[in-house]
Amino acid sequence: MTETSRISTIEEHPILEYIRRDRLPHIFCSACGIGTVLQSFATALRSLNYDMDNMVIISGIGCTGRASGYFAADSYHTTHGRAIAFATGVKVANPKLKPVVISGDGDLFAIGGNHFIHAARRNVDMLVLCVNNFNYGMTGGQMGPTTPVSAITVTSPDGNIEHPFNLVSVAAASGAVFVARWTALHARRLTKSIEKALQKKGFTFIEVVSPCPTLYDRYNRHGTGLEVMKKYREISVIRNFSDPMQAEIDYRTRIVCGEFVDSEKPEFSDLLEEHGKKLQKGD
Amino acid sequence: MEKPILTGEMFTQGDIAAAEGALAAGCRFFAGYPITPATEIAERMAYRLPRIGGRYIQMEDEIASCTAVVGASYSGLKAMTATSGPGVSLMNETIGLAAMTEAPMVLVNVMRGGPSTGQPTEASQSDIMQAKWGSHGDYEIIALIPSSVQEMFDLTIRAFNLSEQYRVPTFVLADEIIGHMRERLIIPPEDELEIINRKKPTVPPEEYLPFKPETDLVPPMATFGEGYHFYATGLTHDQKGYPVMTDEAQLALVPRLCDKIRKNADKITQAESTETEDAEILLVAYGGEARTAMRAVKDARAEGMKIGLFRPISVWPFPKDQLKDAAANAQQVIVAELNYGQLVGEVERIIRNEVPVHFIPRVCGTPHTPDELMKEIRRRIK
Amino acid sequence: MTRTEIRLGGLGGQGIIKSAVIIGEAASIHDGKEAVQTASYGPESRGSACKAEVIISDTPVDYPLVLTPHIMVALSNDAFHKYKNDLGEGAIAIIDSDLVKAGKIKPGVQVYQVTAATTAHNVLKNPLVTNVVMLGAFTAITKIVTPEAMQKAIANAFPRYRELNLRAFDEGMKLGQEALEQSSKTK
């Protein structure tokens, strides 16, 4: 190949080496935030030159649950809510592996909520990337554990009356050693946080507030995906290391973004290994 | 480091024998949640595994336990959990996932009285059908039922072997009697144990199709971290492992998941026939209940009655040919179970209407007494 | 008779199950016989009624539960009176006379009274070994297991308190001998 012809060739998308090309096109709606999250994740892998032989990408059920299937990596699509329990088994069985769980708010915090808080409590090394679009998208837009009060969904047609979870506060209170929130607008900051989280050993959590223009944002008259992104720009404020309990998430007023927790704590598989070594020596 | 295989003799419980059988089979991962009457297995594993380089984790519930076992299995370790009926009820979701993604795993269910919380410290055999049909959809599992402490050990090893060979969740279905009773356990030297490991791929990663079966209908299994970069999903999938929602994909997958067990059933089924050759009455019993039946056979033979015992050791797949052989000369079949009627349906299905099949249920926490079985035998022989 | 059915009764915390396990191990591992041990208990670990059983046989044990005990060892009054009528003709009952008031018993049952709790307290200075004193008496009276096998099983059962428990066993053997002599005199 001559120098000229190389230049004239259209270059591949820079993250394509991390993607299962034979699975494209993907199933996600246009303007959905999942695309941004996957792109940021792949960009982080590329900038870290991550050894993909040591990573397992795991997801649960839902729109985001399909994420694991698009990466050219060891990957597993569990049943609804069980990605973190599966990831715990992976990490404990083979500590050289880094599990990455990519899933939605309903999967991780309703049906899978118990697994989330206990993996965080144990500090099992994994990155949990949660795409929070405030509803169950794949099943048609039902209310879930993050749906704001008074929001309209197909199962809260007259307005949601339940109090939602504040995910970063749940993660911090459960013991996660890295906790961040961004919106789908903050692609570069999100990428940086993913890079940081991947280099930490322990339970790390990143929430990404994401448009669902097909369902949630349409039911609630938020306009097109582009309009939702504009709104994110308008109402987002960055407050790194502010108290995650106070990290407001309100579409009418403001969304507090940033890295709230970045701490150190002994990691579970390391503790298990140390414990085993002591016992094997007969201590 | 302590020895993984404690060759020698010990006087111990069935639950402990199951744990030691697992370790002898090469199990190096256990995830579980406390539950009577299976907790002794977790306790033994919590003590033993870290001392031999294995991993023990107590999870937040049985759903997580079973799911972590599948994760560990896909990460290359032989893995198991142990529980009782209420725990299996929670695990059934993941048992379906393990069946669908063909994850080798062993699950010991030390059965207690149900439904619901039932009788935690009492024996029962009422999860026979739960083991077979617990999760949704069409699939097959393997289930083995021990009748002694020694068999808890032997059959746990066999459960691992079958699970690895066929990439299928495999149950050891013990009842509380066998789980908690103590007897002599003989653990043979390592070189006398037959251990089977899953087939590994022989092709390079770019040619590997994770769900392409070989002639035995079982695909070779790569594990995470080996560079194969494969995908597995609980959705209906093609040989690549990719989700495909077509009739063709479902037809290529689901019958194979069942047939890899059904068509290999002659290699899996296991049963024991005692004094059946000239038996006019054939008793059918398994697990702890089979020990009463064995006594009844001895007592009845002493009285000159022609009685034999058929003891299924694999209940799923059911040893139907062996049952037909054992019942060849029988004029009546009596099924005794520690439940209100479960495996008797399978026996009736196989015997058809050729001879009458009688059933003696027992829904309280100990096996029938020998006298109770003798009474039924005398009543039927007249 | 090749099948001997043994029932031990008392309260949770007295070491009833442990005693049954020791008898089972002595018989099956050290004496080379067949043995099965089972137990039943309430949800409380301390103070509830507790029953443990051992079946010893020259041939493999089929039905694993006790139907008509040949031997009963009772460490509580409640247990003795609850189970005394299950005993068959020719059965023996070994009771701690400090803890159990035997009262009337059906004919054909031989009762041996030993002072296990008092001996544990006064001689061994440790009430926790009452059950092992009882095991000594049981061994001397029934001869269903050999003293050597019992000593091995006791040593395995109490690795940290081996010496104390072996002494308790010896004291119990003496009590058992005395009870046997007493009983032959009264006959």
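Since the structure is predicted, the reported quantities are computational estimates derived from the model, not experimental observations.

### A look at the interface of chain A and chain B
Taken together, the 42 residues of chain A in the interface contact 42 residues of chain B. The contact between chain A and chain B buries some 3400 Å² in all, and 57% of this surface belongs to carbon and sulfur atoms. Together, Asp-74, Tyr-76 and Gln-280 of chain A form the three largest contributors to the area buried by chain A at its contact with chain B, with a combined 18%. Our count for the chain A to chain B interface comes out at four salt bridges. Arg-82 of chain A is paired through a salt bridge with Glu-93 of chain B; the nearest N and O atoms lie 2.6 Å apart. Across the contact surface, chain A and chain B share 27 residue pairs in polar contact (both at pLDDT 80 or more). With eight residues, helix α10 (residues 268-281) of chain A is the largest single contributor of residues to the side of chain A that touches chain B. Looking at the side of chain A that touches chain B residue by residue, the class counts come to 15 nonpolar, 17 polar and 10 charged. As paired strands, strand β2 (residues 74-77) of chain A and strand β10 (residues 231-233) of chain B are joined by three bridges and run parallel to one another. The partner of Ser-75 of chain A across the bridge, within β10 of chain B, is Tyr-231 of chain B.

### Brief notes about the interface of chain B and chain C
In this complex, chain B contributes 20 residues to the contact, which on the side of chain C involves 22 residues. When chain B packs against chain C, close to 1700 Å² is buried across both sides, 57% of that on carbon and sulfur atoms. Of all residues in chain B, Phe-11, Arg-182 and Arg-184 of chain B bury the most surface against chain C, accounting for 37% of the area lost on that side. Scanning the region where chain B abuts chain C turns up three salt bridges. Across the salt bridge formed by Asp-62 of chain C and Lys-298 of chain B, the nearest N and O atoms sit 2.7 Å from each other. Summed over the shared surface of chain B and chain C, the number is eight residue pairs in polar contact (both at pLDDT 80 or more). Looking at the side of chain B that touches chain C, its residues break down into seven nonpolar, six polar and seven charged.

Thresholds, definitions, all that
- Residues numbered from 1 in each chain as written.
- Chains lettered and ligands numbered in written order.
- Predicted model: local features only at pLDDT ≥ 70, side-chain atom pairs only at ≥ 80, totals over all residues.
- Heavy atoms only, no water.
- Contact = heavy atoms within 4.5 Å.
- Buried area = accessible area lost by both parts, 1.4 Å probe.
- Salt bridge = Lys/Arg side-chain N within 4 Å of Asp/Glu carboxyl O.
- Polar contact = N/O pair within 3.5 Å; in protein donor to acceptor, adjacent residues only side chain to side chain.
- Helix = DSSP H or I, 4+ residues; strand = E, 2+ residues; numbered from the N terminus.
- Nonpolar A, V, L, I, M, F, W, Y, C, P; charged D, E, K, R; others polar.
- Pairing = 2+ DSSP bridges.

The values are spatial; any link to function lies outside them.
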